[in-house]
Amino acid sequence: MYLPPQFKVKSADIAQFIVRSHPFASLISVDDAGCPFVTHIPLHLVVDGDDWSLLGHVAKPNPHWRYLRDRPQVVATFMGPQAYMSPQVYPDLARVPTWSYLAVHCTGQASLIEDPRDKDRLLKCLIGDHEPAYAKQWQDLGEEYQLKMLAGIVGFEIKVSNIEAKIKINQHRPESHAAMFSAYSQGNENERALAQWMQRTGLVEDAQK
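J.: Tell me about the overall build of the protein, and please be specific about residues and values.
T.: The helix and strand tally for the protein stands at 7 helices and 7 strands. Along the chain direction, N to C, the helices and strands of the protein fall in the order α-β-β-β-β-α-β-β-α-α-α-β-α-α. Considering only C-alpha atoms, the protein reaches an extent of 65 × 40 × 30 Å along its principal axes. The proportion of buried residues among the 209 residues of the protein is 41%. Sequence-distant contacts in the protein: of pairs separated by 6 or more residues, those separated by 24 or more amount to 72%. Just so you have it, the protein exposes about 11700 Å², and 52% of that area is on carbon and sulfur atoms. Averaging the positions of the 21 positive and the 24 negative side-chain charges in the protein gives two centres separated by 3 Å.

See below:
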């Protein structure tokens, strides 16, 4: 992605936080016609030292798993809070609107997970992320039902080779920060989240600014 230096995130911890807080990804690879093919799915992040991997699955009728098998190079993108930014936040009129957002792009190599036991472990990772209490219900459904459900999906693991993370909240325009923070703090859920990120990144010192 286009990544000007003022918006580049250098902290792996911040990139991890964005991915784990916003796990619903766009998985992008190339179809048989050479065009981008996108599936929108939750992914589970595994971090081992400096190494990242992403776990997920698609429905068996979704052709994406075949594209992963045949052309395993993929990009998974994660979008954090995002919102319009009015030029009214500037002290002068010679300005234009823009958009604030957080994003992480992970590039890597995918491999398929087809063994039922491995797919079950993958599902338990996703259950642990989103509804740990469901693990008991899944277990109680019985092996026959579980195998039937597992046969309907194809799992995959992406070994991440490159991570790009971006926070775009007008860091290079300090004259806008106080008004931006005030406007976003009173806005919708995305805007309030961006106000919190302005605090987290040190653009404002406290909620009174």
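J.: I'd like a rundown of the environment of Gln109, residues and numbers included.
T.: For Gln109, the position within the fold is in strand E6 (residues 98–113). Judged by its relative accessible area of 38%, Gln109 is partly exposed. Along the sequence, Gln109 and Gln82 sit 27 residues apart, while their C-alpha atoms lie 28 Å from each other. Filtering out sequence-adjacent residues up to four positions away, Gln109 remains in contact with Pro72, Gln73, Glu157, Ile158 and Lys159.

J.: Requested: an account of a nonpolar patch on the surface, with residues and values cited.
T.: On the surface, a nonpolar cluster with roughly 240 Å² of combined accessible area is contributed by Leu141, Tyr145 and Met149. Mapping Met149 onto the fold places it in helix H5 (residues 143–150). Judged by its relative accessible area of 33%, Met149 falls in the partly exposed class.

J.: So what's going on with the nonpolar core? Which residues, and what values?
T.: Formed by 41 residues in total, the largest nonpolar core has its most connected members in Leu54 and Phe78. Among the elements that make up this core, the one with the highest residue count is strand E7 (residues 153–168) (6 residues). The contact partners of Phe78, leaving out residues within four places of it in the chain, are Val19, His22, Pro23, Ala25, Leu43, Leu54, Leu102, Ala103, Val104 and Cys106. Counting 9 residues, the second-largest nonpolar core is a separate cluster that includes Ile113, Leu123, Leu126 and Ile153.

The rules we used
- Residue numbering note: each chain is counted from 1, following its sequence as written.
- The predicted origin of the model limits local features to residues at a pLDDT of at least 70 and limits the giving and counting of side-chain atom pairs to 80 or more, whereas totals for whole chains, interfaces and linings rest on all residues.
- Excluded from the side-chain calculations are hydrogens and water; all other atoms, namely the structure's heavy atoms, are used.
- Only DSSP runs of H or I covering at least 4 residues are called helices, and only runs of E covering at least 2 are called strands; the numbering of each starts at the N terminus.
- Here's how the labels work: a residue is buried when its accessible area is under 20% of the maximum for its type, exposed when over 50%, partly exposed in between, all with a 1.4 Å probe on protein chains only.
- Pairs of residues are marked as contacts when any of their non-hydrogen atoms sit within 4.5 Å.
- Each accessible area is a Shrake-Rupley result for a 1.4 Å probe, and residues are judged covered by the shown protein chains and nothing else.
- Only four residue types enter the charge count: Lys and Arg as positive, Asp and Glu as negative, with His and the chain ends excluded.
- Throughout, a charge is located at the NZ atom of Lys, the CZ atom of Arg, the CG atom of Asp or the CD atom of Glu.
- Each patch is built from salt-bridge-free residues with over 30% relative accessible area, joining like charges within 9 Å and nonpolar side chains (Val, Leu, Ile, Met, Phe, Trp, Tyr) within 5 Å.
- Any carboxyl oxygen of Asp or Glu within 4 Å of a side-chain nitrogen of Lys or Arg constitutes a salt bridge here.
- Buried residues of nine kinds, namely Ala, Val, Leu, Ile, Met, Phe, Trp, Tyr and Cys, make up a nonpolar core once their side-chain atoms join them within 4.5 Å.

Limitation: the analysis is restricted to geometry and does not speak to function.
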